[in-house]
Amino acid sequence: MKLPYGWSRATPVFDDLTLVSCAGLVPVMALAERAGLSELISSKVAIAETRVRSAAVNPAGKLTSIIAGMAAGADCIDDLDVIRSGGMRRLFAGVYAPATLGQFLREFTHGHTLQLASVARAHLVNLVQASGLLPGIETQAFIDIDSLLRPVYGHAKQGGSFGHTKIGGRQVLRRGLSPLATTISTGQGAPVVAGIRLRAGRAASGKGAASMVAEATATARAAGATGEILMRGDSAYGNSAVVDACVKAGVRFSVVLTKNPAVTQAISGIAEDAWTPVHYPGAVVDPDTGELISDAEVAETSFTAFASTKQPVTARLIVRRVRDRARDQELFPVWRHHPFFTNNTEPTADADITHRRHAIIETVFADLIDGPLAHLPSGRFAANSAWAICAAITHNLLRAAGTLTSPRHAAARGATLRRQIVTVPARIARPQRRHVLHLPEHWPWAKQWEALWHNVFRPSTGPPRAA
């Protein structure tokens, strides 16, 4: 592409009231309303006492404005101004300025964030029913739990403190805030956020995990998970509180156990002929020998965990071992062992593969960090907590919109959905008082965009009224 020289003498003017840059917000926010977002907020979120009298007026309109801005790519409060450009106020009613939305978020307290978290759970259940999100959930569902550390700067950030995180494979101390998240996924469906809870940066990874698992299980059941549910987590969640929560909720568990003398003794008691190679998806086969290049092997034994507590649990201890490549010149093989504790009924190798798919939660974290959770924009802890919950609602909304767009978009990243579906330029017209959106000719994803439009605006619903 080459720009003709004549454009160097052109004059840009920002003055068109009929142009919008995010026309995809029309079907996306219509889907949010079909799932009852405004009604849920109005019935559950109530801010009675405020520092500024008008700050808590119309929480449904303000929270949906924040979510719309996040869906359009906003990752801080100032970026929410994207929903006020051009003809956006002709498409939507109740569009608020970033200063008003920031003032509203600062009125949140811990109790209000709990109210908003209940909205997020109920809205996810409604999205599953409205869009076919999480296909196959009635047969089997997976709950994954993990935490991350989002860096913050400045001493005015409430809750900002030093916590451990990994950068480049190394453990480092970093000042930040630590969201704890649970996701729900299926064998055929991409993961969605069941819950997210903001904590101080120094909080232990497993703090509050048991209650989060219980809430995620209830959400999965309400969304249609009538079959088996498996909860997966790493060593931070391999404790008696989390496992006991799974047992009480009637779900299976698969958690990594921290090595201790009892675990080490159980591993040493596994017979040498009990180890079998495990074939991971995508594993490479040596063309000369026909054997897997990976030398991972798995075996299992019965194990009673948490014997010193009031709720000891007996289940399977499945161990994956791999050769220690740092000592490949040894006289006898040196193995590194990775145990996890589970009551999953799959065969040993299959249970190991299923457990390692716990890493799917990292794709959700990558989406959130590449979007609304790029920053925690407020100095107030409760405001940042509300921001994180809005980010979770936005993630689930975009995921549901993707399922109504095409099979490829059902598993696409949030950035892809924003680029191809949401941030579509359009011009508003009203010939004969009919609402018309003129979109770009030869838009590469026009067919998929129209599929989303028709799936959202079914004959029984109709498009929302323009202001």
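Residues numbered from 1 in each chain as written. Predicted model: local features only at pLDDT ≥ 70, side-chain atom pairs only at ≥ 80, totals over all residues. Heavy atoms only, no water.

Novice: Explain the overall build of the protein chain to me, please; I cannot follow it from the model alone.
Specialist: Secondary structure assignment for the protein chain yields 15 helices and 14 strands. Compactness check: the protein chain gives a C-alpha radius of gyration of 25 Å against a globular reference of 23 Å for 467 residues, within 12% of the reference. The principal-axis extent of the C-alpha atoms belonging to the protein chain is close to 80 × 60 × 45 Å. In the protein chain, which comprises 467 residues, the proportion classed as buried is 49%. Contacts in the protein chain between residues at least 24 apart in sequence constitute 67% of all its contacts with a sequence separation of at least 6. Surface accessibility of the protein chain: about 22800 Å² in total, with carbon and sulfur atoms responsible for 54%. For the protein chain, the distance from the average position of its 50 positive side-chain charges to the average position of its 36 negative side-chain charges is 10 Å. (Helix = DSSP H or I, 4+ residues; strand = E, 2+ residues; numbered from the N terminus. Rg over C-alpha atoms; globule rule 2.2 N^0.38 Å. Buried < 20%, exposed > 50% of the residue type's maximum accessible area, 1.4 Å probe, protein only. Contact = heavy atoms within 4.5 Å. Areas by Shrake-Rupley, 256 points an atom, 1.4 Å probe, with all protein chains shown as cover. Lys, Arg positive; Asp, Glu negative; His and termini not counted. Charge placed at Lys NZ, Arg CZ, Asp CG, Glu CD.)

Novice: Explain the pairing of strand β10 (residues 297-305) to me, please; I cannot follow it from the model alone.
Specialist: Within a regular strand, side chains alternate between the sheet's two faces. Alignment of strand β9 (residues 276-277) against β10, held across 2 bridges, turns out to be antiparallel. Bridging from a neighbouring strand, proline 277 pairs with glutamate 297 of β10. Judged from the 9 bridges that link them, β10 and strand β11 (residues 313-323) form a sheet pairing that is antiparallel. Within β11, the position partnered with serine 302 by the bridge is arginine 316. (Pairing = 2+ DSSP bridges.)

Novice: Whenever I open this one, the packing of aromatic side chains confuses me. Can you help?
Specialist: Per the counting criterion, the structure on display carries 7 aromatic pairs. Taking the centre distance of 5.3 Å and the plane angle of 90° together, the rings of phenylalanine 104 and phenylalanine 108 count as edge-to-face. The buried category is assigned to phenylalanine 104, whose relative accessible area is 0%. Its relative accessible area of 5% is what places phenylalanine 108 among the buried residues. Taking the centre distance of 4.4 Å and the plane angle of 70° together, the rings of tryptophan 453 and phenylalanine 457 count as edge-to-face. Note on tryptophan 453: relative accessible area 25%, which makes it partly exposed. When its relative accessible area of 11% is taken as the criterion, phenylalanine 457 is described as buried. Among the aromatic residues, ring-to-ring pairing joins Phe253, Phe303, Phe306 and Phe341 into one connected group. A cation over an aromatic ring shows up here: arginine 321 above the ring of tryptophan 335, its NZ or CZ 3.9 Å from the ring centre. (Phe/Tyr/Trp six-rings, centres within 6.5 Å; stacked < 30°, edge-to-face > 60°. Lys NZ or Arg CZ within 6 Å of the ring centre and 35° of its normal.)

Novice: Even after reading the chapter, I still don't get the sheet that holds strand β14 (residues 436-438), so can you show me in this structure?
Specialist: Each strand in a sheet pairs with another by means of backbone hydrogen bonds, the pair being arranged parallel or else antiparallel. With antiparallel pairing, the 3 strands of this open sheet are ordered in space as β1-β13-β14. The sheet is open, and its two edges are formed by β1 (19-20) and β14, each paired on a single side. Alignment of β1 against strand β13 (residues 426-429), held across 2 bridges, turns out to be antiparallel. Note on β13: the bridge partner recorded for leucine 19 is arginine 427.

Novice: Got a minute to help me understand the confidence of the model for the protein chain in this structure?
Specialist: The predicted coordinates ought not to be read in detail in places where the model reports low pLDDT. Confidence in the prediction for the protein chain averages 91 pLDDT; 93% of positions are at 70 or higher. Overall, residues 461-467 carries pLDDT values under 50, and its contacts beyond four positions in sequence, including any with other chains, amount to 11 contacts. (pLDDT = per-residue confidence, 0-100.)

Novice: I'm lost on helix α10 (residues 348-356) in this one. Help?
Specialist: For an α-helix the count is 3.6 residues per turn, leaving residues at separations of three or four pointing the same way. Looking at α10, one finds that the buried residues are Thr348, Ala351, Asp352, Ile353, Thr354 and His355. Tucked into the core, α10 has its buried residues touching β2 (140-147), β7 (228-233), β8 (252-256), β10, β11 and β12 (335-342).

Novice: Which parts of the structure should I look at to understand the state of the cysteines?
Specialist: Between two cysteines, a covalent bond joining their sulfur atoms is known as a disulfide. Considering all chains together, one arrives at 0 disulfides under this definition. The thiol sulfur of cysteine 22 is not disulfide-bonded, and the nearest other cysteine sulfur, from cysteine 76, lies at 15 Å. (Disulfide = S-S within 2.5 Å.)

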